[in-house]
Amino acid sequence: MTETINSDRYNIIVIGAGHAGCEAGLVAARMGMTSAIFCTDIESVAMMPCNPSIGGTGKGHLVREIDALGGEMGLNTDKTFIQSKMLNTSKGPAVHSLRAQADKHRYHDEMLSTIRSQKNLDLIVAEITDFIVEHAEDEAVESSDSSAYRCRGKITGVRTADGRAFYADAVVICTGTFLGGKIFIGDNVTVSGPAGLPPACELGENLRRLGFPVRRFKTGTPARMLRDTLDYSRMKEQKGDERIVPFSFMNEDNEYHIDQISCWLSYTNEETHRIILDNIDKSAMYSGNIVGVGPRYCPSIEDKVSRFTDRKRHQLFVEPEGLDTDWMYIQGMSSSLPEDVQHQFYATIPGLEHAEIVAPAYAIEYDCVDPLSLRPSLESKILENLFCAGQFNGSSGYEEAAAQGLIAGINAVRKLRGQSPLVLRRDQAYIGVLIDDLVTKGTNEPYRIMTSRAEYRLLLRQDNADRRLTPVGYEYGSVTEERYQRFLSKCSRVDAEISRLRSKKTDIDSFREFLYRHECDMQTGKLDPAVIERKRIDIAETGNQYFADILKRPLITYDDLAEIDDDTRPLLGSNEKTEVEVMMKYDGYIRKQVSEVEKLRNLESKRLREDLEYNEIKGLRLEARQKLSEIRPRTVGQASRISGVSPADINVLLIFLEKEMRSAQTNN
């Protein structure tokens, strides 16, 4: 175990030890800063209070990107998963998403061990209640006023509930759902963090006092049930993939041979829905007890039933929480109904009729900040050297939190070193989409990443996350030399193979026989005489073919080419083969998206001064002036994505910048 620092002064302090806090603290320490992570309970470290899984649609992309930048989530998941599955494989590679069912207790234990053994990093159990600030204004300003986002001072440390002071050059807030946490089960309201852990209440009030635009969001989690009380014969088994794809690029060469644990699929029915609707006035969401806004894309079961009245059933997944626990998680069934009502409606679901509930479903309400008060670096506009990440910024999900924590940690380090921040573009990473959406558009509900939010999905595939981001992480200091050299070696092998496929041809006879055999078999599933004759005619017209062109055919895989390839074919890993195949098959589409990105990048390159007085720019509409003054976009591209800023306003900005440039040239 690495010796702790045991100091009251650090370079960087992280508030919260959830998925955001772990990434922020680890990357800051690994980049050479003395760092400390504070939490209210040791059990909160990398805790999974909701779904015991990592990844999924869109979220799997984030985990691969976190890993490519040197983060820990992918590595920790590879150590602790009990089932692995690639989602959306029937669709194109842009939406393929890896999802792993994790052992929630091992995930916590492994991350805790990683933190405790990390040089330059302390883990301290104490509740942070206030900030130590230089030159802060005494009176808070209403959050609706754009001046609320103006700098009030500089953070220099934190205070704990027992009166201790800890000093730091920068602080990262990663409070998750602990800040002002309240748990709701029907009319029963408990001041609590997730899973009954201690909340942090006083810090939220002090944030309001300092002028932060704090609001209330809500999320929920389903009931847990005992494994042996479920009837699996009435549910459909969901097995993991035979070939396991790891999250971390550092594990690409590893072979995983584990006994994966199955998940199970079941459905609600009309009787389930009747019980819920008959008791919906008892739900904390519908009784008025909860004032926070819940996630639209992850609604409670009472929301689903009341909003989608035409649906006769809703699916749910029964998932194990780990190898050494008999608790099962009921995904898709979060609720804030009373416990007795939960027993009634769960008992109507096939397979759950006699289930024993060991922990009821609940909703949790918590404090978070309006992300429009943040810079693209995730630094607060209100307090200098204060960075914010995770659900505190209005997002939902472990993966979204970890991505922000990593970026906030990197940028806290770079700010202290006087270096430019890492701000990822929308065409560069899903992390870039996530953060740009939050700080430019804001959010009125817990934000969740989805592949549909990205304009350039084909460029942001999970298979090429390292190609997109590992050089960036190396440049900005979060990627180790070992990882970078490994990445360069992989790129060299993949690029060499792509070059070989583009330059090498097969002879006519071999190609005809290959194509005839594969396309007849794979299209029909059998050798139909009519199809055979048609294929003979088509193939007879075909001459020598480049291997790259053969691979572009819809039914041909890279492994298929081995039948007609010679001994110059290299030995590639499975992930390298995937990258070669995708880059070949989608070459034309990728080139088209790259061309579109280049055309739009002109707006992203036009910088806007932070002190620009938008109220003095003639031609801007009043709403545009207000929004631009409030958000202070870094570029014209970012300005164009602000709600309330029209294309006409962007043209006015471009004309203004052109005049400024000409004036500067004349004066020089």
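For the structure given in this document, a descriptive report is provided here. Model, not experiment: these values are computed from the prediction.

1. A word on the overall build of the chain
When its secondary structure is counted, the chain shows 21 helices and 23 strands. Against the globule reference of 26 Å for 668 residues, the chain gives a C-alpha radius of gyration of 27 Å, in line with a compact fold. C-alpha atoms of the chain, sized along the principal axes, occupy 85 × 80 × 55 Å. Here the chain holds 668 residues, and the buried ones make up 57% of them. Look at the contacts in the chain between residues 6 or more apart in sequence, and 76% of them connect residues 24 or more apart. Just so you have it, the chain exposes about 28200 Å², and 47% of that area is on carbon and sulfur atoms. Each charge sign in the chain was given a centre, from 86 positive and 101 negative side chains, and these centres are 5 Å apart.

2. Some details on the packing of aromatic side chains
Under the criterion given, the structure shown has seven aromatic pairs. Between Y232 and W264 the ring centres are 4.9 Å apart and the planes differ by 45°, which places this aromatic pair in the tilted class. With Y232 in the loop between β13 (224-226) and β14 (236-238) and W264 in strand β15 (residues 263-267), this pair connects stretches of sequence that are 32 residues apart. Accessibility expressed as a relative area gives 15% for W264, which makes it buried. Among the aromatic residues, those joined into a ring-pair cluster are Y474, Y484 and F487. If you follow R569 out to its NZ or CZ, it ends over the ring of Y558, 4.0 Å from the centre.

3. Some points on the sheet that holds strand β16 (residues 315-320)
Here six strands make up an open sheet; going across it, the order is β14-β15-β16-β17-β13-β18 and the pairing antiparallel. Every other strand in the sheet has two partners, leaving β14 and β18 (357-359) as the edge strands with one partner each. Taking the axes of each pair of neighbouring strands and ignoring which way they run, one obtains an average angle of 35° across the sheet. The pairing of β14 with β15 spans three bridges and is classified as antiparallel. Of the residues in β15, the one forming a bridge with K236 is L265.

4. Quick look at the environment of K618
Checked against the element boundaries, K618 lands in the loop between α18 (587-605) and α19 (622-631). When the C-alpha atoms of K618 and F656 are compared, they prove to be 8.8 Å apart, with 38 residues separating the residues in sequence. Among residues more than four places away in sequence, those in contact with K618 are R625 and V652.

5. Structural notes on the packing of helix α10 (residues 398-416) against helix α11 (residues 430-441)
Where α10 meets α11, the axes come as close as 10 Å, and the angle between the chain directions of the two elements is 85°. Here α10 is positioned roughly perpendicular relative to α11, judged by the angle of their axes. From α10, E400, A403, Q404 and I407 reach across to α11, where they touch I431, L434, I435 and L438. A per-class count over the contact of α10 with α11 returns six nonpolar, one polar and one charged.

6. Some details on the packing of helix α12 (residues 465-476) against helix α13 (residues 481-503)
Viewed as axis vectors pointing N to C, α12 and α13 meet at an angle of 145°, and their least axial separation amounts to 10 Å. The interaxial crossing formed by α12 with α13 has left-handed handedness. Within the contact between the two elements, α12 uses D466, R467, T470, P471 and Y474 and α13 uses E481, R483, Y484, F487, K490, C491, V494 and D495. Residue classes in the contact of α12 with α13 are distributed as six nonpolar, one polar and six charged.

7. Some remarks on the pattern of salt bridges
This structure, assessed with the given rule, holds 54 salt bridges. Among the ionic pairs, R486 bridges to D253, the shortest N-O distance being 3.4 Å. One end of the pair, R486, is in helix α13; the other, D253, is in the loop between β14 and β15, and 233 residues separate them in sequence. Given the relative accessible area of 31%, R486 is considered partly exposed. Residue D253 is classed as exposed on the basis of its relative accessible area of 58%. Close ionic contact of E497 with R500 constitutes a salt bridge, the shortest N to O distance being 2.7 Å. With E497 and R500 both in helix α13 and three residues apart, the pair spans about one turn of that helix. Counted as one network, the salt bridges with shared partners bring together E497, R500, K504, D559, D565, D566, R569 and K577.

8. Regarding the side chain of D303
Following the sequence through the fold, D303 ends up in helix α8 (residues 301-307). Those residues in contact with D303 that sit more than four places away from it in its chain are Y286 and F308.

9. With respect to helix α6 (residues 270-278)
Within the sequence span of α6, burial applies to T272, H273, I275 and I276. For α6, the arc enclosing every buried residue in end-on projection is 160°, short of the 170-degree limit, so these residues lie on one face. Structurally, α6 contributes buried residues whose contacts are with α8 and α9 (339-346). Of the residues flanking the start of α6, the one acting as N-cap is N269, its side-chain oxygen 3.0 Å from the backbone nitrogen of E271.

10. Notes on unusual backbone geometry
Although it is not a glycine, A46 adopts a positive phi angle of roughly 50°. Mapped onto the elements of the fold, A46 is located in the loop between β2 (35-39) and β3 (53-55). Of note in the backbone geometry, N120 takes a positive phi value of approximately 75° without being a glycine. Here N120 is to be found in the loop between α4 (104-116) and β6 (121-125). The partly exposed category is assigned to N120, whose relative accessible area is 21%.

11. Focus: the sheet that holds strand β11 (residues 188-191)
The strand order across the open sheet formed by four strands is β11-β10-β19-β12, and the pairing between neighbours is antiparallel. Since the sheet does not close on itself, it has two edges, and those belong to β11 and β12 (214-221), each with one partner. Going across the sheet, the axis of each strand differs from the next one's by a mean of 25°, ignoring polarity. By the bridge criterion, three bridges tie strand β10 (residues 182-185) to strand β19 (residues 362-369) in an arrangement that is antiparallel. In the sheet register, F184 faces β19, and the bridge partner there is A363. Contacts from helix α5 (residues 202-209) reach β12 and β19 within the one sheet, and its direction differs from that of β12 by about 150°.

12. Things to note about the nonpolar core
Counting 102 residues, the largest nonpolar core has F131 and I431 as its most contacted members. Here the element with the most residues in this core is α10; it accounts for 10 residues. Discounting residues that sit within four places of it in the chain, F131 has contacts with I15, I155, G157, V158, I173, L203, L207, L210, L383 and L386. Counting 23 residues, the second-largest nonpolar core is a separate cluster that includes M235, L316, M333 and I357.

What counts, and at which threshold
- Residues numbered from 1 in each chain as written.
- Predicted model: local features only at pLDDT ≥ 70, side-chain atom pairs only at ≥ 80, totals over all residues.
- Heavy atoms only, no water.
- Helix = DSSP H or I, 4+ residues; strand = E, 2+ residues; numbered from the N terminus.
- Rg over C-alpha atoms; globule rule 2.2 N^0.38 Å.
- Buried < 20%, exposed > 50% of the residue type's maximum accessible area, 1.4 Å probe, protein only.
- Contact = heavy atoms within 4.5 Å.
- Areas by Shrake-Rupley, 256 points an atom, 1.4 Å probe, with all protein chains shown as cover.
- Lys, Arg positive; Asp, Glu negative; His and termini not counted.
- Charge placed at Lys NZ, Arg CZ, Asp CG, Glu CD.
- Phe/Tyr/Trp six-rings, centres within 6.5 Å; stacked < 30°, edge-to-face > 60°.
- Lys NZ or Arg CZ within 6 Å of the ring centre and 35° of its normal.
- Pairing = 2+ DSSP bridges.
- Axes fitted to C-alpha atoms, helices over the stretch in contact; angles between N-to-C directions.
- Parallel < 35°, antiparallel > 145°, perpendicular 65-115°, else oblique.
- Nonpolar A, V, L, I, M, F, W, Y, C, P; charged D, E, K, R; others polar.
- Left-handed = near helix turned anticlockwise from the far one by under 90°.
- Salt bridge = Lys/Arg side-chain N within 4 Å of Asp/Glu carboxyl O.
- Arc of directions from axis to C-beta.
- Polar contact = N/O pair within 3.5 Å; in protein donor to acceptor, adjacent residues only side chain to side chain.
- Core = buried A, V, L, I, M, F, W, Y, C linked by side-chain atoms within 4.5 Å.

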